Amino acid sequence: MRVGIIGGGVGGLGAAYELAKGGHHVDLYERAPFLGGLASTFNVGGGRLERFYHHLFLSDHTIIGLLQELGLGDRLIWKESTVGFYYRGRIYPFSTPMDLLRFTPVGLVDRVRMGLVTLYLQRVKNWQKFEGVNAASFMRKWMGRRNYDVVWGPLLHGKFTVYKDEIGMPWLWSKFATRVSSRDRSFREKLGYIQGSWGVLVDELERRIHELGGQTHTSATVTRILVEDGRVRGLALQGADGSQSQKAFDLVIATIPSFTLPRLVDLPQDYLARLQAVEYEGAIAVIWVLKRQLSPIYWLNISDPDIPFLLVLEQTNLVPPKEYGGKHIVYTANYVPREDRRWGMDARAIVAEYLPHLKKINSEFDESWIEEYYLHKEPAAQPIMKVNYLQRMPATRTPVAGLWLASMSQVYPEDRGTNYSLRLGMEVARQAVAEAKGQGAAQ
Ligand SMILES: Cc1cc2nc3c(=O)[nH]c(=O)nc-3n(C[C@H](O)[C@H](O)[C@H](O)COP(=O)(O)OP(=O)(O)OC[C@H]3O[C@@H](n4cnc5c(N)ncnc54)[C@H](O)[C@@H]3O)c2cc1C
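All figures in this text were calculated on a predicted structure; none of them were measured in a lab. Sequence order sets the numbering: in each chain, residues are counted from 1 along the sequence as written. Local features in this predicted model are restricted to residues whose pLDDT is 70 or higher, and side-chain atom pairs enter the listing and the counts only when it is 80 or higher, whereas totals over whole chains, interfaces and linings include all residues. No hydrogens and no water enter the side-chain calculation; it runs on all heavy atoms of the structure.

(A) Main features of the overall build of the chain. Labels follow the DSSP assignment, with helices taken as runs of H or I lasting at least four residues and strands as runs of E lasting at least two, numbered in each case from the N terminus. Within the chain, the secondary structure is distributed over 12 helices and 19 strands. Radius of gyration means the value over C-alpha atoms here, while the globule rule gives 2.2 Å times the residue count to the 0.38 power. Its C-alpha atoms give the chain a radius of gyration of 22 Å, within 12% of the compact-globule value 22 Å for 443 residues. Along the three orthogonal principal directions, the C-alpha set of the chain runs to about 70 × 50 × 45 Å. A separation threshold of at least 6 residues defines the contact pool for the chain, and within that pool the share at least 24 residues apart is 69%. To measure how exposed things are, a 1.4 Å probe is used in the Shrake-Rupley method; for residues, cover is taken only from the protein chains shown. Of the roughly 18,800 Å² of accessible surface on the chain, a fraction of 51% belongs to carbon and sulfur atoms. Treating the 53 positive side-chain charges of the chain as one cloud and the 46 negative ones as another, the clouds have centres 5 Å apart. Here a residue-residue contact requires only that any non-hydrogen atoms of the pair lie within 4.5 Å. The sign given to each residue is positive for Lys and Arg and negative for Asp and Glu; His and the chain ends receive no count. In this description, the location of a charge corresponds to atom NZ of lysine, CZ of arginine, CG of aspartate or CD of glutamate.

(B) View of helix α9 (residues 269-277). Think of it in three bands: with a 1.4 Å probe and only protein chains considered, a residue is buried below 20% of the maximum accessible area for its type, exposed above 50%, and partly exposed in between. Those residues of α9 that sit buried are Tyr271, Leu272 and Leu275. Around the axis of α9, the buried residues are gathered within 100° of arc, so they sit on the same side. Turned more than 90 degrees from where α9 packs its buried face, Gln269 and Asp270 sit exposed. Against the buried residues of α9 lie β19 (403-405). Starting at the helix axis, one direction is taken to each C-beta atom, and the arc is that of these directions.

(C) Seen up close, the sheet that holds strand β11 (residues 231-239). The rule for pairing is simple: two strands pair if DSSP sees at least two bridges between them. Spatial strand order, β10-β11-β12: 3 strands in an open sheet with antiparallel pairing. Strand pairing shows two members of the sheet lacking a second neighbour, β10 (220-228) and β12 (244-248), which therefore form its edges. Along the sheet, successive strands turn relative to each other by an average axial angle of 25°, direction set aside. With 8 bridges connecting them, β10 and β11 associate as antiparallel partners. By the bridge assignment, threonine 221 is partnered in β11 with glutamine 238. Note on definitions: angles span 0 to 180 degrees between N-to-C directions of axes, and those axes are lines fitted to C-alpha atoms, for helices only across the stretch in contact.

(D) Spotlight on the site of the ligand. Nearness of a residue to a molecule or strand requires only that one of the residue's heavy atoms be within 4 Å of it. For the ligand, the set of nearby residues contains 28 residues, the closest of which are Glu30, Leu38, His54, His55 and Thr418. At 3.3 Å, a backbone N or O of valine 10 approaches an oxygen atom of the ligand. Polar contacts here mean pairs of N or O atoms no more than 3.5 Å apart (in protein, one a potential hydrogen donor and the other a potential acceptor; neighbouring residues in sequence count only if both atoms are side-chain atoms). Between valine 222 and the ligand, the recorded distance is 3.0 Å, taken from a backbone N or O atom to a nitrogen atom. Protein contacts shield 92% of the accessible area of the ligand, which totals 1,000 Å² for the unbound molecule. Of all elements in the fold, only α1 (10-21), β10 and α12 (418-442) reach the threshold of two or more residues within the shell around the ligand.

(E) Seen up close, the nonpolar core. Formed by 108 residues in total, the largest nonpolar core has its most connected members in Ile5, Phe103, Met139 and Ile253. Ranked by the residues each element gives to this core, the list is headed by α12, at 9 residues. In these notes, a set of buried Ala, Val, Leu, Ile, Met, Phe, Trp, Tyr and Cys residues joined through side-chain atoms within 4.5 Å is what counts as a nonpolar core.

(F) Layout of the side chain of histidine 357. One can find histidine 357 in helix α10 (residues 347-361). Take histidine 357: its relative accessible area is 14%, and that puts it in the buried class. Apart from the residues lying within four places of it in its own chain, the contact partners of histidine 357 are Asp306, Ile307, Pro308 and Phe309.

(G) Examining the sheet that holds strand β2 (residues 25-29) more closely. Pairing is parallel across the open sheet formed by 5 strands, whose spatial order is β9-β2-β1-β13-β19. Here the strands that pair on one side only, and so sit at the sheet edges, are β9 (215-217) and β19. Each strand of the sheet is rotated relative to its neighbour by a mean of 15°, with strand direction disregarded. Bridging between strand β13 (residues 251-254) and β19 involves 3 bridges; their strand directions are parallel. By the bridge assignment, valine 252 is partnered in β19 with leucine 403. In the packing of α1 onto the sheet, the strands contacted are β1 (2-6), β2 and β13, and the crossing angle to β2 comes to about 165°.

Here you go:
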């Protein structure tokens with residue numbers, strides 16, 4: 001079968017690899033000059049680094065299994081995570097149940113309450129019972145007002161900005177479930193990283209796809225999905241030099257943000273409405289390449305409206321600085337809605353705004369520590385999982401025969417991640433082929 005794949009992120013690569021293994025003719029098209037999508041990398045200090053920070057949880061079985069299958073199992077490193085919470089000028093450790101009990105910004109009764117609700121959420125298996133439940137209301141009611149105002153409200157705001165009061169509880173439940181499943185027996189959280197970066201996985205997938213007879217095309221934008229009599233016939237393409245071409249396919253799998261699919265193909269009203277109903281927000285990350293360590297914490301949540309970023313992630317507290325020529329790497333990151341003023345700001349302007357606040361994380365910090373900085377912006381970084389999302393989620397089988405969608409907005413209730421994009425891409429690839437074969441047999 002001839003299969004065209006739109007998008008060269010982890011989802012598209014997973015689908016292409018699965019199909020190539022099954023003996024199908026695969027062509028994957030990626031509009032960027034590189035593969036990897038949101039998990040793509042660039043060079044820093046002689047090493048490779050993700051444009052947006054990435055780690056794995058112990059529960060990320062699909063990607064862990066794939067790394068082993070590809071002979072990259074020994075590249076996976078696991079390290080105890082260090083999580084912190086910045087509140088009113090102080091950094092509190094926020095990794096273990098004991099840290100929660102010692103978290104003085106809320107009173108003892110509230111801390112015990114937070115511990116009990118956390119324990120409850122970590123034990124719930126049947127997340128479906130939370131469909132229809134609003135996460136902010138649930139947390140206010142059960143964790144209490146103080147815990148919500150200090151911890152959970154700012155965390156929800158950090159992740160979902162203007163949408164924070166609309167998020168469904170299943171999404172938040174999944175965060176508790178994932179994090180508990182990434183703890184060892186001593187309740188310490190372990191986080192994983194692919195030594196050499198996600199680029200190692202992306203390169204190996206590309207190599208295997210080629211070895212199996214498939215092709216990957218970068219700087220190749222799909223401009224139209226060609227349809228005849230309600231069935232996919234192929235793709236219209238544009239190269240980096242503006243050249244136009246077409247290629248015939250029996251099946252097409254789109255791994256692009258769901259709201260962008262209608263730009264490529266006409267769709268019936270009800271499916272179109274579903275795609276358009278799922279909103280996304282963007283992500284902005286400044287990467288600071290420093291001479292010295294900023295803090296000993298890997299993941300530092302910021303709960304302070306005066307600080308313009310919501311997360312400080314010190315990569316070199318998970319991966320040793322020697323991987324980046326001895327430099328210390330720090331991301332300051334935000335999720336941002338479309339109307340955020342920072343979309344119009346360049347790296348220099350954003351850095352000038354963020355810089356004074358790094359001193360709040362470490363009072364010794366000085367501008368002379370900065371060797372380089374980079375800015376990465378991505379408008380479609382996070383689908384918004386509102387209340388009753390299950391009813392809103394677009395189906396992977398589109399109404400156009402032979403056209404399938406495998407996008408981040410179809411990962412639920414788990415928070416989107418490379419593990420789930422990979423799993424979805426592979427599953428959709430298998431299903432698309434099985435159905436096409438079934439239809440062929442029935443004709
Ligand atoms: C800030 C941030 C932090 C994250 N942290 C983690 C983490 O710690 N761990 C983790 O596992 N995951 C993390 N993720 C999530 C992870 O990066 C994504 O879930 C995953 O990479 C998505 O893969 P995808 O293939 O579904 O989509 P994408 O990576 O978005 O790939 C889609 C691709 O389609 C291409 N495309 C779009 N339109 C066209 C077109 N018309 N023609 C050709 N190509 C097109 C795009 O250029 C893109 O490369 C993070 C994401 C962000 C933004």
